[in-house]
Structures are given as structure tokens and as C-alpha cells.
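Below, each chain spelled out in residue letters.
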Amino acid sequence: MSRTPLVAANLKMHKTIAEAERYVQALLPRVATADGVDVVVCPPYTALGAIVDSTRGSRVAIYAQNAHHEDAGAYTGEISPPMLTEIGVHGAIVGHSERRRLDGETNAALAKKVPALLASGLVPMLCVGETEEERDAGEMERTLRHQVHEALGKTPKDRLPEVVIAYEPVWAIGTGRTATAAQAQEAIGFVRALVGSLAKEAAAQVRILYGGSVKESNAAELFALPDVDGGLVGGASLEPEPFAEIVAAATPAR
Ligand code: PGA
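Residues numbered from 1 in each chain as written. Predicted model: local features only at pLDDT ≥ 70, side-chain atom pairs only at ≥ 80, totals over all residues. Heavy atoms only, no water.

Q: When you look at the pattern of salt bridges in this model, what are you seeing that I'm missing?
A: Between side chains of opposite charge, a pair can form as their charged atoms come close. A full pass over the atoms with the stated rule returns 15 salt bridges. In this structure, Glu-105 engages Arg-99 in a salt bridge whose closest nitrogen and oxygen atoms are separated by 4.0 Å. Close ionic contact of Glu-132 with Arg-177 constitutes a salt bridge, the shortest N to O distance being 3.0 Å. Highlighted residues: Glu-132 in helix 6 (residues 132–136) and Arg-177 in the loop between strand 6 (164–167) and helix 8 (181–198), separated in sequence by 45 residues. One network of salt bridges, in which partners are shared, links Arg-3, Arg-192, Asp-227 and Asp-229. (Salt bridge = Lys/Arg side-chain N within 4 Å of Asp/Glu carboxyl O. Helix = DSSP H or I, 4+ residues; strand = E, 2+ residues; numbered from the N terminus.)

This is the structure:
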């Protein structure tokens, strides 16, 4: 089963609208020949509308960095899936470890967010990953099992293949400490098996990315692993040149 690789730039809380515009104008020509790769940019909310407009018709899709599960309601500061669909956004990251740690994002909330995004026609990019303490205590599999089973437990089984999962070990995010190829393959193979335990056929179809200090120098090795379908890139995505090189590393050989 061949899965289309996906490489996403998580800009986090970086770039004003003007900065994000300059970024995509520099990025678009650099990824124009990346045939066979889905390229995603995740700007902050304020830049979403402008960047959707300036990437329309290109190979770059635009995702938000979070979304609420309700369509509307008394949720101050939140943005709903239909609001994202209205401006042409294609998907949303949910469950990023920074939001789990700093904003109280729970697996229970994610269980509602993933099907809500799918119902609005958006691709959910669900982040999972263990902390260093959990890994050291031999609890990586337990953590991943909880995260995957709880966050995807309310998603209709026939829609699971549309979900993108990003395995991001928390100890590798923004630290420069990338998981080794063996660690990434082991964890992502395990996540794939967990998806299979929810819906057998979905395991071979769901795309699972690696995230955590992906850079130009390690992307090719990580993306070549059998269960790794691309990457979610933070720091190394903030400038167009290194991000375009990472996209190129995911481009299937012709
Ligand atoms: P990093 O961030 O590439 O800077 O480690 C990845 C992420 O947080 O998605």
C-alpha cells in the first residue's frame, strides 16, 4: 500500500501576516517540483486567511494549529471547524504536546475534535508522543496506547484512514535531540498497530509522520523508514530554504 508522504511546517506562534506572506512567496517556487509530496503550512490563526488566498492553486495546503470541537458556542478565544472551512483551510493540528502541556489539551477533548474536524471536511493531524520520564520508565507504549485509543475512540472507523498522526516524542521537540531511526521506526510501527487495533484496514492507509527536531541533515534517513510517511517540522520550517530541503527529502524517487 503506497501512502503519499506529507511534510508540514508548524510555524507555532511565529510570523505576522506580512512575514507569513514573504515566507510562502519564497517557499512556493522551492517546492513547485516536489511531485508526490503533500506540503502543508500551519500558520497562526491571524495569517490563515491571507495565506490560504496566496497559496490557492499551489501544491501547498494550509492547516490551523488547533480547533474547537463545537461549531459555535460560548467558548471565548476558540475557533470552530466551520470557521476554518469557511476561509478555505484544509486541516488542523490537534493535540500538540505544547497544547497538552501548557493549555490542558486532553485526550477526552481530542476524542471530540477529531470527528468534528472530519465532519467539517478538515484533515485532523493528531499529535501523540511520550515524555522523557515516560520513556525512561518504560511507559512509552502505555502512553501511546492511551493517546491513540482515547483520541481516536469516537472517530467512525471508516474515516480513520483520513486522519494524519504525528508521532512527536516530547523530549525531541525543539531540543535538537532527534529520535534515532530505530526509535522512530519502533514507535511509529507501534502507533500503526494501535490504529489497526481500532480498524484493521486503516493501519496500512493512515499516514504517520515523525516530528521532533527534524532538519535537513536527518530528514532523508527518517523519511526512508518503512512506517514513516513524512514529518511535522517546527524550528527548521521557519525559513523557506531548509523547509524546502526537508520537503525534497520526502519526494519519492522517480
Ligand atoms: P521542532 O518542533 O521541529 O522544532 O522540534 C516540532 C513540533 O513541535 O511540531
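Now, onward.
Q: Can you walk me through empty space enclosed by the protein in this structure?
A: If a probe the size of a water molecule is rolled over the atoms, the empty space left behind becomes visible. Under the definition given, this model contains 1 cavity of 30 Å³ or more. Taken as a whole, the largest cavity holds about 40 Å³ of empty space. Contributing to the lining of the largest cavity are Gly-95, Ser-97, Arg-100, Cys-127, Val-128, Gly-129, Gln-147 and Glu-168. (1 Å grid on protein atoms, 1.4 Å probe; cavity = no way out; pocket = protein on both sides within 12 Å on 5 of 7 lines; lining within 4 Å. Points joined across faces, edges and corners; volume = space filled by probe spheres on them.)

Q: Explain the site of the ligand to me, please; I cannot follow it from the model alone.
A: Looking at the ligand, there are 13 residues lining it, with Lys-12, His-96, Glu-168, Gly-174 and Ser-213 nearest. Between the ligand and Glu-168, the relevant distance is 2.7 Å, taken from an oxygen atom to a side-chain nitrogen or oxygen of the residue. One of the backbone N or O atoms of Gly-174 is found 2.7 Å from an oxygen atom in the ligand. When each cavity is represented as a set of grid points, the ligand is found to reside in the second largest pocket. (Near = heavy atom within 4 Å. Polar contact = N/O pair within 3.5 Å; in protein donor to acceptor, adjacent residues only side chain to side chain. Sits in = over half its atoms within 2 Å of the grid points.)

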